[in-house]
Amino acid sequence: MDESVGVLDGLWMWLEALPLSARIGESAWFPFLESIHVVASTFLFGSILMLDLRLLGRASVSHRISRIVAEIVPWTLAAALLAVLTGFPLFSTRATHYAHNIAFQIKIVLLLLAATNMLWYHLRTARTIASWDTAPKPISAARFAGMCSVFMWIGVMLSGRWVGHLL
Amino acid sequence: MLTELVTMIDGSALQRGALFLLSQIRGFPPIIQTVHILGVTAIMGSTVLLDLRLLGVALRSHRVSELIGRLLPWTWAALPLMFVSGIVFVLARPQRYAMNPVFRAKFLMLLPAVLVTLTFHLFSIRDREFWETSPGRRALGKAVAAVSLVLWLGVVMAGRWIAYADYLIPVEE
């Protein structure tokens, strides 16, 4: 365990020593990327919330779930990609610090949980979607996925915002 | 007028109260900021999504009239929430915000953003199908959506830039 942490720390130190990381950290690139990161992450949550509320039977109940998935998820994934592409350079400016920042660690765990929840829904739960696609209140596994998503993303937002308060 | 307002707030019980909450209660600033960001999330999931629908790039199987009725209430609910969660920070340090050019820019975009969205909504309340009835109206809707999209994204980005104003404008001392 200790050894693997050591290897990772070596990676973080290498990353933050890159000239590009230093340039981002010392210039207007940092706030620029951060403002795009905020736009991307709020759009990510704002878009997936529409699907989550449909799964919970709270909104757009007259629309097929599969239709909302087809229309919303590509936008959510595009926003997620943008959030990662802007988030990684931000991380690289002080990689060692962020890797040891408890808020950042919690954020990453919640992100992985949210991604797992999403994958589980699409690969397992949605297999039987034909029988509840039009149901105002879908099966409990689908409702559970929607609820988990809402709470996990709120957690990601909270821990993400907290990262900057632990400098 | 702005200077008078700042002088009035500075040193008042309101200012001291806000400063106390922010500086003495551990975790208060990030929690309130998260509430503010969740408000931004609601804006993204309502006004911004509606703009993308009007531009014809998202949610094409949803009717515009239906989306206006379902999404825009989220915008109107988010704005007071963001006002309350945002004003705590302004009350605590009125000088800092009043002098901040990015803060001013944010509100110079927020005002027209709200007015555009409100006007758009009011037309739809008076005539539900207003934005769908003719190619001309749909084209107008697209133009309004493009303006709204730029303004709202500008507001969000400026909001994040408030803390970095000195990167844009060298501080005069």
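Summarised in this report is the structure supplied together with it. Each chain has its residues counted from 1, running along the sequence as written. As they are written, the chains are lettered A onward and the ligands numbered 1 onward, keeping that order. In keeping with the predicted nature of the model, local features appear solely for residues at pLDDT of at least 70, side-chain atom pairs appear and are counted solely at 80 or more, and the whole-chain, interface and lining totals rest on all residues. The side-chain quantities take in all heavy atoms of the structure and omit both hydrogens and water.

### What to know about the overall build of chain B
Then, number 1: Helix numbering and strand numbering both begin at the N terminus, where a helix is a DSSP run of H or I of at least 4 residues and a strand a DSSP run of E of at least 2. Looking only at helices and strands, chain B features eight helices and zero strands.
Then, number 2: The helix and strand sequence of chain B, counted from the amino end, reads α-α-α-α-α-α-α-α.
Then, number 3: Along the first, second and third principal axes, the C-alpha set of chain B runs to 55 × 35 × 25 Å.
Then, number 4: Out of the 173 residues in chain B, the part that is buried amounts to 48%.
Then, number 5: Counted as positive: Lys and Arg. Counted as negative: Asp and Glu. His and the chain ends are not counted at all. A charge is said to be at NZ when it belongs to Lys, at CZ for Arg, at CG for Asp and at CD for Glu. Counting 16 positive and 10 negative side-chain charges, chain B places the centres of these two groups 8 Å from one another. Burial here depends on accessible area, computed with a 1.4 Å probe over protein chains only, as a share of the maximum for the residue type. Under 20% is buried, over 50% is exposed, and the range in between is partly exposed.

### Observations concerning the interface of chain B and chain A
Then, number 1: Whether two residues touch is decided by their heavy atoms; if any such pair falls within 4.5 Å, the residues are in contact. Listed as interface residues are 32 residues of chain B and, on the opposing side, 34 residues of chain A.
Then, number 2: By buried area we mean the combined loss of accessible area, with a 1.4 Å probe, across both parts when two parts are placed together. Surface buried jointly by chain B and chain A totals about 2900 Å² across both partners, of which 75% is contributed by carbon and sulfur atoms.
Then, number 3: Of all residues in chain B, the largest losses of buried area upon contact with chain A belong to Thr41, Arg160 and Tyr167 of chain B, amounting jointly to 18% of the total for that side.
Then, number 4: Salt bridges are defined by distance alone: a side-chain nitrogen of Lys or Arg within 4 Å of a carboxyl oxygen of Asp or Glu. For the interface between chain B and chain A, the tally reads one salt bridge.

### Overview of helix H3 (residues 29-55) of chain A
All names here are of chain A.
Then, number 1: One fewer than the residue count of a helix, multiplied by 1.5 Å, yields its expected span. Over its 27 residues, H3 extends 39 Å from the first C-alpha to the last, a length consistent with the 39 Å expected when each residue adds 1.5 Å.
Then, number 2: Bend at a residue means the angle formed by two fitted axes: the first through the 7 residues ending at that position, the second through the 7 residues beginning there. The largest bend in H3 comes to about 25°, at Leu49.
Then, number 3: Across the 27 residues that make up H3, a large majority, 25, are buried.

### Topic: the pattern of salt bridges
Then, number 1: Summed over the entire model, instances satisfying the criterion amount to six salt bridges over all chains.
Then, number 2: We note a salt bridge from Glu34 of chain A to Arg160 of chain B, for which the minimum N-O separation is 3.0 Å. Note that Glu34 of chain A is positioned in helix H3 and Arg160 of chain B in helix H7 (residues 135-161), a pairing that runs across two chains.
Then, number 3: Residue class for Glu34 of chain A comes out buried when judged on its relative accessible area of 14%.
Then, number 4: Since its relative accessible area comes to 15%, Arg160 of chain B is described here as buried.
Then, number 5: The salt bridge partner of Arg64 of chain A is Asp133 of chain A, with a shortest N-O separation of 3.1 Å. With a gap of 69 residues between them, Arg64 of chain A in the loop between H3 and helix H4 (65-93) and Asp133 of chain A in the loop between helix H6 (102-123) and helix H7 (140-163) connect regions that are remote in the sequence.
Then, number 6: We classify Arg64 of chain A as partly exposed; its relative accessible area is 45%.
Then, number 7: Via salt bridges that share partners, Arg63, Glu129 and Glu132 of chain B belong to a single interconnected network.

### Looking at the environment of Leu22 of chain B
Residues and elements named next belong to chain B.
Then, number 1: Among the secondary structure elements, Leu22 is positioned in helix H2 (residues 13-24).
Then, number 2: The buried category is assigned to Leu22, whose relative accessible area is 9%.
Then, number 3: A C-alpha to C-alpha distance of 9.2 Å links Leu22 and Ile32, two positions 10 residues apart in sequence.
Then, number 4: Filtering out sequence-adjacent residues up to four positions away, Leu22 remains in contact with Phe28, Pro29, Val88, Phe89, Ala92 and Arg93.

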